[in-house]
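What follows is the residue order along each chain.
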Amino acid sequence: MPEAPRTAVDKALDLVEAVARASRPPRLTDLAEEVGLHRATAYRVLVDLVRRGWVLRAGDRYLPGTAVLQLSSSAARNSLGALARPVLAALSERTGMMVNLQVPETDRSRVIDVVRPDRLAMISSLTGEALPVHRFAGPLALVAALAAADRVPYLRAAEEAGHPLTGADGLLADIERAERTGFAVEYGRNEQPVASLARAVVTRPGAPVCALTLVGLGPEFDEARLPRLRERLREATDELGRILSGPGTSGAAQVSEVSGDFGHSSSGPESSSRPTSTPTSRAASASTSTEGPA
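How each quantity is defined
Residues numbered from 1 in each chain as written. Predicted model: local features only at pLDDT ≥ 70, side-chain atom pairs only at ≥ 80, totals over all residues. Heavy atoms only, no water. Helix = DSSP H or I, 4+ residues; strand = E, 2+ residues; numbered from the N terminus. Buried < 20%, exposed > 50% of the residue type's maximum accessible area, 1.4 Å probe, protein only. Contact = heavy atoms within 4.5 Å. Areas by Shrake-Rupley, 256 points an atom, 1.4 Å probe, with all protein chains shown as cover. Salt bridge = Lys/Arg side-chain N within 4 Å of Asp/Glu carboxyl O. Axes fitted to C-alpha atoms, helices over the stretch in contact; angles between N-to-C directions. Parallel < 35°, antiparallel > 145°, perpendicular 65-115°, else oblique. Left-handed = near helix turned anticlockwise from the far one by under 90°. Nonpolar A, V, L, I, M, F, W, Y, C, P; charged D, E, K, R; others polar. Pairing = 2+ DSSP bridges. Phe/Tyr/Trp six-rings, centres within 6.5 Å; stacked < 30°, edge-to-face > 60°. Lys NZ or Arg CZ within 6 Å of the ring centre and 35° of its normal. Arc of directions from axis to C-beta. pLDDT = per-residue confidence, 0-100. Core = buried A, V, L, I, M, F, W, Y, C linked by side-chain atoms within 4.5 Å.

Attention now moves to the overall build of the protein. From N to C terminus, the protein includes 10 helices and 8 strands. Looking at the protein residue by residue over its 294 residues, the buried ones come to 44%. Counting contacts in the protein only where the partners sit at least 6 residues apart, residues at least 24 apart contribute 64% of the total. Surface accessibility of the protein: about 14500 Å² in total, with carbon and sulfur atoms responsible for 54%.

On inspection of all chains with the given rule, the structure shows 18 salt bridges. With a closest N to O distance of 2.9 Å, Asp-14 and Arg-6 form a salt bridge. By relative accessible area, which is 10% here, Asp-14 ends up buried. The partner of Asp-238 in a salt bridge is Arg-234, with the nearest N and O atoms 3.0 Å apart.

In contact at an axis separation of 10 Å, helix H5 (residues 80-95) and helix H9 (residues 226-245) are set at 160 degrees when each is read in the N-to-C sense. Considered as vectors, H5 and H9 are oriented roughly antiparallel to each other. Our pair here, H5 against H9, has a crossing hand that is right-handed. Residues Leu-80, Leu-83, Ala-84, Val-87, Leu-91, Arg-94 and Thr-95 of H5 form the contact with H9, whose own contacting residues are Arg-228, Leu-229, Arg-232, Leu-233, Glu-235, Ala-236, Glu-239, Leu-240, Ile-243 and Leu-244. Partitioning the contact of H5 with H9 into residue classes produces 11 nonpolar, 1 polar and 5 charged.

Looking now at the pairing of strand E6 (residues 184-187). One ladder, built from 4 bridges, connects E6 with strand E7 (residues 194-201); its direction is antiparallel. Paired with Val-185 across the bridge in E7 is Leu-197. The turn joining E6 and E7, which pair antiparallel and follow one another in sequence, is formed by 6 residues; a positive phi near 65 degrees is taken by Gly-188.

Below, the discussion takes up the pairing of strand E4 (residues 109-115). For E4, the buried fraction is high: 5 of the 7 residues fall into the buried class. Counting the residues that bridge the hairpin from strand E3 (residues 98-104) to E4 gives 4 residues. Where E4 lies against strand E5 (residues 130-131), 2 bridges are found, and the strand directions are antiparallel. Paired with Arg-110 across the two strands is Ala-130, which belongs to E5.

Here we have 6 strands laid out as an open sheet, ordered E5-E4-E3-E8-E7-E6, and antiparallel in their pairing. The sheet is open, and its two edges are formed by E5 and E6, each paired on a single side. Together, E3, E4 and strand E8 (210-217) form the strand contacts of H5, whose direction differs from that of E4 by roughly 60 degrees. Against the sheet, H9 makes contact with E3, E6, E7 and E8, and its axis sits at roughly 35 degrees relative to E7, the strand it touches most.

Following the criterion strictly, the structure yields 0 aromatic pairs and no others. Here the guanidinium or amino end of Arg-230 rests over the ring plane of Phe-183, the centre of that ring lying 5.7 Å away.

Listing the buried residues of helix H7 (residues 152-160) in full gives Tyr-154, Leu-155, Ala-157 and Ala-158. Burial along H7 is one-sided: seen end-on, the buried residues are contained in an arc of 165 degrees. Counted as exposed and oriented over 90 degrees from the buried face of H7: Glu-159 and Glu-160. The inward-facing, buried residues of H7 contact E3, helix H6 (137-145) and helix H8 (171-181).

Here we come to the confidence of the model for the protein. For the protein, per-residue confidence averages 84 on the pLDDT scale, and residues scoring 70 or more make up 83% of the total. The model gives residues 248-294 a pLDDT under 50, and that stretch makes 148 contacts with residues more than four places away or in other chains.

Contact geometry of H6 with H8 gives a least axis separation of 8 Å together with a crossing angle of 75 degrees. Accordingly, the angle class assigned to the pair H6 and H8 is roughly perpendicular. Where H6 abuts H8, its residues Leu-140, Val-143 and Ala-144 lie against Leu-171, Asp-174, Ile-175, Ala-178 and Glu-179. Counted by class, the contact of H6 with H8 contains 6 nonpolar, no polar and 2 charged residues.

Leu-101, Leu-197, Leu-212, Leu-214 and Phe-221 are the most contacted members of the largest nonpolar core, which totals 24 residues. At the level of elements, H5, E3, E7, E8 and H9 are the ones that each hand at least two residues to this core. With residues near it in sequence (within four places) discarded, Leu-212 still touches Val-87, Leu-88, Leu-91, Asn-100, Leu-101, Leu-197, Ala-198, Arg-199, Leu-233, Ala-236, Thr-237 and Leu-240. Core analysis: the next-biggest nonpolar cluster, separate from the first, contains 17 residues, Leu-15, Leu-28, Ala-32 and Val-55 among them.

The step from Gln-192 to Pro-193 runs through a cis peptide bond, and the omega angle for that step is 0 degrees. Looking at the secondary structure, you find Pro-193 in the loop between E6 and E7. The residue Leu-126 is not glycine, and still its phi comes out positive at about 65 degrees. Among the structural elements, Leu-126 can be located in the loop between E4 and E5. Of the residues examined, Leu-126 reaches a relative accessible area of 18% and is grouped as buried.

Next up, the structure:
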């Protein structure tokens, strides 16, 4: 499938990201080659970025600008991870489980924060990793909260990984169950004897912001204990929904309306997620040109 043409915003963000991740301040030619732009095009975009403070020019090299530094400082205080961290810590303390925070990506979810008690140190935290939806509860909870059309990349990735879509063990049945109950449960699909329980935080119908996942040993997720774990997880996701929606809004009510019947507890273990294919990288072959504006 041909890649959509890049917009002016795409080009600007590509250059800001390239400057920010460079191991040493890059030159114009380095940046143009890395992001796949003609040198003259990269120069024109960089002029605007320098004017707006997103990039700083020092001689013939470029560094992150003051706008990036101010945004980074603000993000450290107001990022999703910072806002959610007290909720994760409280949920872990109340349940004794590892708790992670995941956000949706194109066809998978990514773990951006984890609180892990010492007793579960043997379980991988997966911090920073992208998780396939056929193997983990977090991405399954997110996909179940998506609009139907937005589920397609996840379904396609599952199919490409050889996981069935239909039948009792298929991804569609997993999604339907998670959508109906509001919870996704996974038993040992990624690592034995680990199990997990996840619920999405949704402040706008069809567009989950993130998911919280409880992770522990399989026997701790038996039928006797699942209802209590669901209730604790529901309380935490509702609280995070309120925080993200801001004062004076009912984030928790919206979460409940769009994510299923959270009071329902099923009578048996529920299966979970589906695979994830990594997003296609952009081809970046830049045409070389003679040295223009410095």
